[in-house]
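Observations on the three-dimensional arrangement
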Amino acid sequence: LLSKSGVSAVATRWSPVGISVKSSSPVDQLPGFQEGLFQVQGEASQLVSYLLSPEKGERVLDACAAPGGKTTHIAELMADTGELIALDKSEKGIGKIRENVARLGLASVCAAKSDVSRRLPVDFRSPYDRILVDAPCSGLGTLRSHPEIKWHRNETDIKRLSHLQENIVDRVVHYLKPGGVLVYSTCTLNKDENENIVEDFLENHKEFVLDDAAGYLPEEASSLVRGSHYMTLPHRHNTDGFFAARMRKVG
């Protein structure tokens, strides 16, 4: 469809469902956008939903959901079945999620404003099969497209964000069913926001084990791991810098 419309595009290298558009044109004017045939999302970001590996009919929480790229991808991986709760503290962000959900014609998503660093509202406390925490972070993995970030981040920001990240994960984990899956992800490569958060969490929550990310990524992307973590590096993989860890509640 893109080719017939004169739009230059190629399949992505790592994501099995991605298309990289090479032509310069407003996204909302590309063929298929208004019809809900695709969603805009970075290639590295697309792979996080595979780590979560949601199944049809499950109850899933996307805890920091705006603007909704992962939310809508998760819903499609679940064949738009089950119940997907998408929470974010930004009213504008929730509006964006609802807009994309409507355009894509998804019926399984419930988007609502809520600060997940605090106790969830009563309506959203029922246990979940899977939880994604795509945590607020320094965003240093997106310097290619947002070079201004390096002028707006300092050590104080990293400390503040790491405390917030720890708080969010510790809060939402209480809503995960035994046997459930928790995925923690960021778009930064800072160890204090990534590996250290995961290590501290596992130390304080012995009922969880760390899964090897390679076993859940698509075959094309199974090499994008460091230890047991999913990690993409802009200078090596031609993507944004992303980090994710998959943890399973065994106790």
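Heads up: the structure comes first, above all this text.
Described in the following lines is the structure provided in the data block. Here the structure is a predicted model, which means the values were calculated and not measured.

1. A look at the packing of aromatic side chains
Between two aromatic rings, the relevant description is the distance of the centres plus the angle of the planes. Overall, the coordinates contain two aromatic pairs when judged by the stated rule. Ring centres of Phe-201 and Phe-208 lie 5.1 Å apart, and the angle between their planes is 65°; this geometry places the pair in the edge-to-face category. Cation over ring: Arg-59 sits above Tyr-128, and NZ or CZ is 4.2 Å from the ring centre. A cation over an aromatic ring shows up here: Arg-103 above the ring of Phe-33, its NZ or CZ 3.9 Å from the ring centre.

2. Quick notes on the packing of helix α5 (residues 155–172) against helix α6 (residues 195–204)
Close contact between α5 and α6 brings their axes to 10 Å; oriented N to C, the two are set at 40°. By the angle between their directions, the pair α5 and α6 is classed as oblique. You can see that α5 and α6 cross each other, and the crossing is right-handed. Counted together, Ser-162, Gln-165, Glu-166, Val-169 and Asp-170 of α5 and Ile-197, Asp-200 and Phe-201 of α6 form the full contact between these two elements.

3. Observations concerning the environment of Ala-107
If you trace the backbone, Ala-107 turns up in the loop between α4 (91–104) and β5 (109–113). For the pair Ala-107 and Thr-81, spaced 26 residues apart in sequence, the C-alpha to C-alpha distance is 7.9 Å.

4. Focus on the pattern of salt bridges
A full pass over the atoms with the stated rule returns twelve salt bridges. The residue Asp-211 makes a salt bridge to Arg-246 at a minimum N-O spacing of 2.9 Å. Of this pair, Asp-211 sits in strand β8 (residues 208–211) while Arg-246 is found in strand β11 (residues 242–249), placing the two residues 35 residues apart along the sequence. Residue Arg-246 is classed as buried on the basis of its relative accessible area, which comes to 4%. Through salt bridges with shared partners, a single network forms among Glu-55, Glu-58 and Arg-130.

Conventions we followed
- Residues numbered from 1 in each chain as written.
- Predicted model: local features only at pLDDT ≥ 70, side-chain atom pairs only at ≥ 80, totals over all residues.
- Heavy atoms only, no water.
- Phe/Tyr/Trp six-rings, centres within 6.5 Å; stacked < 30°, edge-to-face > 60°.
- Lys NZ or Arg CZ within 6 Å of the ring centre and 35° of its normal.
- Axes fitted to C-alpha atoms, helices over the stretch in contact; angles between N-to-C directions.
- Helix = DSSP H or I, 4+ residues; strand = E, 2+ residues; numbered from the N terminus.
- Parallel < 35°, antiparallel > 145°, perpendicular 65-115°, else oblique.
- Left-handed = near helix turned anticlockwise from the far one by under 90°.
- Contact = heavy atoms within 4.5 Å.
- Salt bridge = Lys/Arg side-chain N within 4 Å of Asp/Glu carboxyl O.
- Buried < 20%, exposed > 50% of the residue type's maximum accessible area, 1.4 Å probe, protein only.

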